[in-house]
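# Residue-level structural notes
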Amino acid sequence: MLVTVLDSDDLHPIFSSSVYSTQITEFHPFTNKAIRQPVDFPQRIRAYDQDLSINASVEYDIVSGNELGFFELDSRNGTLFLLREVDREALPAPVFELQIRARQTDNPTKFGLSKVHVDVLDINDNQPQFEAAVYNISIMENLPNHFSIVQVHAMDADTGENAEFIYKLDDASHAFAINSKTGWLTVRDQAKLDRERVTSFSLTVFAEERTRGVGQDKGTSNCTISIVLLDSNDNSPTFQPSNLYKFQITTESEVGAVVGKVTATDPDLIGNGEITYELQKQNSTTEEAPFQLDERNGYIFLLERPLPKSQYVLLVGAYDMPLNPSERR
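All residue numbers refer to positions counted from 1 along the written sequence of the respective chain. A pLDDT threshold of at least 70 governs which residues receive local features in this predicted model, and a stricter bar of 80 or more applies before side-chain atom pairs are shown or counted, although totals over entire chains, interfaces and linings include all residues. Neither water nor hydrogens contribute to the side-chain values; these are computed over all heavy atoms in the structure.

Helix numbering and strand numbering both begin at the N terminus, where a helix is a DSSP run of H or I of at least 4 residues and a strand a DSSP run of E of at least 2. When its secondary structure is counted, the protein chain shows 1 helix and 25 strands. Radius of gyration: C-alpha atoms only; globule rule: 2.2 Å multiplied by the number of residues to the exponent 0.38. Computed over C-alpha atoms, the radius of gyration of the protein chain comes to 43 Å, more than 25% over the 20 Å expected from 2.2 N^0.38 for 329 residues, which places it beyond the range of a compact globule. If you line up the protein chain on its principal axes, its C-alpha atoms span 160 × 35 × 30 Å. Burial status across the protein chain gives 36% buried among its 329 residues. In the protein chain, the share of contacts with a sequence separation of at least 24, taken over all contacts with a separation of at least 6, comes to 69%. Carbon and sulfur atoms make up 50% of the accessible area of the protein chain, which amounts to about 19,700 Å² in all. Under the counting rule used here, the positive set is Lys and Arg, the negative set is Asp and Glu, and His together with the chain ends is not counted. For the purpose of locating charges, the reference atoms are NZ of Lys, CZ of Arg, CG of Asp and CD of Glu. The averaged location of the 49 negative side-chain charges in the protein chain is 3 Å from the averaged location of its 28 positive side-chain charges. Burial status follows relative accessibility: with a 1.4 Å probe on protein chains alone, a residue under 20% of its type maximum counts as buried, one over 50% as exposed, and anything between as partly exposed. For this analysis, residues touch if any pair of their heavy atoms sits within 4.5 Å. To measure how exposed things are, a 1.4 Å probe is used in the Shrake-Rupley method; for residues, cover is taken only from the protein chains shown.

Put into structure tokens, the structure is as follows:
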């Protein structure tokens, strides 16, 4: 006896693969235009009815992962279309993960699911950008060579080799150097950091791409480093016009009369350049001279009469007044 077993529609449709993977390249120039471009896959998206003798027709749709509306799945043949230009750097993630469905047209309760994985490839369409356009800093003028001053920082939104760049420094003074990889600015020539000759510096740092990108004129961006030199007590007072003065008084000069004035200058600032004068003994056996020195302005006054000698030699010291007395010069 021959028994024929008839097939019944008891199985759901199944896809030819559990995951369909492909890659697309981001668009340049990006215009955000609407398009309808088929997406190619190494293996075509296709589903079939497991009930082979019945072979019910199926229709396709996207179940999830298309919230941004980039894709459309042809309901008849499973072709995936890209509907909008893609800017990789504007995406939440550089990959799309879609879940797709194939349903029997005569019985929608029977369906199969699969996944679609679309990687968005990067192109070099972004230049490095600094976190700040201007860095304003102040440093002491007596910093040593190789001292680290400030680190500039730039970022490139691209990935891999497309995001690689180096830092370059434009410094007419040649007082500074920059690490091409880390962006650390350091002192190159300490002798150039002399506030009494120059009070500030303006430097330009460039972030230069290793590989020229698409649609870029120069592949670089830049920032400015503005450096103000702060004063250190690196200068000693100097008498002007020299350290030898000659004064004369007459026999008619009265006690309290101005004999003369000594003047010293110091190019440092504030207390570092503020001067006080002191009248000093030449040695321990020297008698005190009959004169008085104003410690603030350098005036020398006659202290008593009559004068026992016809000539006197005075030793006057000029000192600056830094906040730290140990730095006094």
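This next bit is on the sheet that holds strand 3 (residues 34–38). DSSP bridges decide pairing: two strands pair if at least two such bridges lie between them. Spatially, the 3 strands line up as an open sheet ordered 3-7-6, and their pairing is antiparallel. With partners counted over all chains shown, the strands left at the sheet margins are strand 3 and strand 6 (71–73), one partner each. The sheet shows a mean angle of 25° between the axes of neighbouring strands, direction not considered. Looking at chain direction, strand 3 and strand 7 (residues 80–84) are connected through 3 bridges and run antiparallel. Bridge pairing in strand 7 links Pro38 to Phe81. A fitted line through C-alpha atoms serves as each axis, taken over the contacting stretch for helices, and the angle formed by two N-to-C directions is quoted from 0 to 180°.

Another aspect to go through is the environment of Gly78. Its place among the elements puts Gly78 in the loop between strand 6 and strand 7. Along the backbone, Gly78 and Val58 are 20 residues apart, and their C-alpha atoms lie at a distance of 9.6 Å. Those residues in contact with Gly78 that lie beyond four places of it in its chain are Ile45, Tyr60 and Leu73.

The subject of this paragraph is the packing of aromatic side chains. Centres within 6.5 Å are what make two rings of Phe, Tyr or Trp a pair, Trp counting through its six-membered ring; a difference in plane orientation under 30 degrees is then read as stacked, over 60 as edge-to-face, and the rest as tilted. Scanning all chains against the criterion turns up 12 aromatic pairs. Consider the rings of Phe15 and Tyr60, whose centres lie 6.1 Å apart with planes at 50°: the pair is tilted. Pair noted here: Phe15 is in strand 1 (residues 13–15) and Tyr60 is in strand 5 (residues 58–64), with a separation of 45 residues, a long-range link. Here the aromatic cluster, defined as three or more aromatic residues joined through ring pairs, consists of Phe239, Tyr245, Phe247 and Tyr277. Directly above the aromatic system of Tyr299 lies the positively charged group of Lys261, at a separation of 5.5 Å from the ring centroid. In this analysis the charged atom, NZ for Lys or CZ for Arg, is taken to sit over a ring once it is within 6 Å of the ring centre and within 35 degrees of the ring normal.

Let us now look at the side chain of Ser253. Within the element layout of this structure, Ser253 appears in the loop between strand 19 (238–239) and strand 20 (258–261). The buried category is assigned to Ser253, whose relative accessible area is 17%. Apart from residues no more than four positions distant in its own chain, Ser253 is found in contact with Leu302 and Arg305.

Residues Val63, Phe111 and Leu113 make up a contiguous nonpolar surface patch of about 240 Å² in total accessible area. Here Phe111 shows up in strand 9 (residues 111–121). Judged by its relative accessible area of 36%, Phe111 falls in the partly exposed class. Like charges within 9 Å and nonpolar side chains (Val, Leu, Ile, Met, Phe, Trp, Tyr) within 5 Å are joined into patches, using only residues over 30% in relative accessible area that form no salt bridge. Basic side-chain nitrogens of Lys or Arg form a salt bridge, by our definition, when they fall within 4 Å of a carboxyl oxygen of Asp or Glu.

All quantities given are derived from atomic positions and should not be read as evidence of function.
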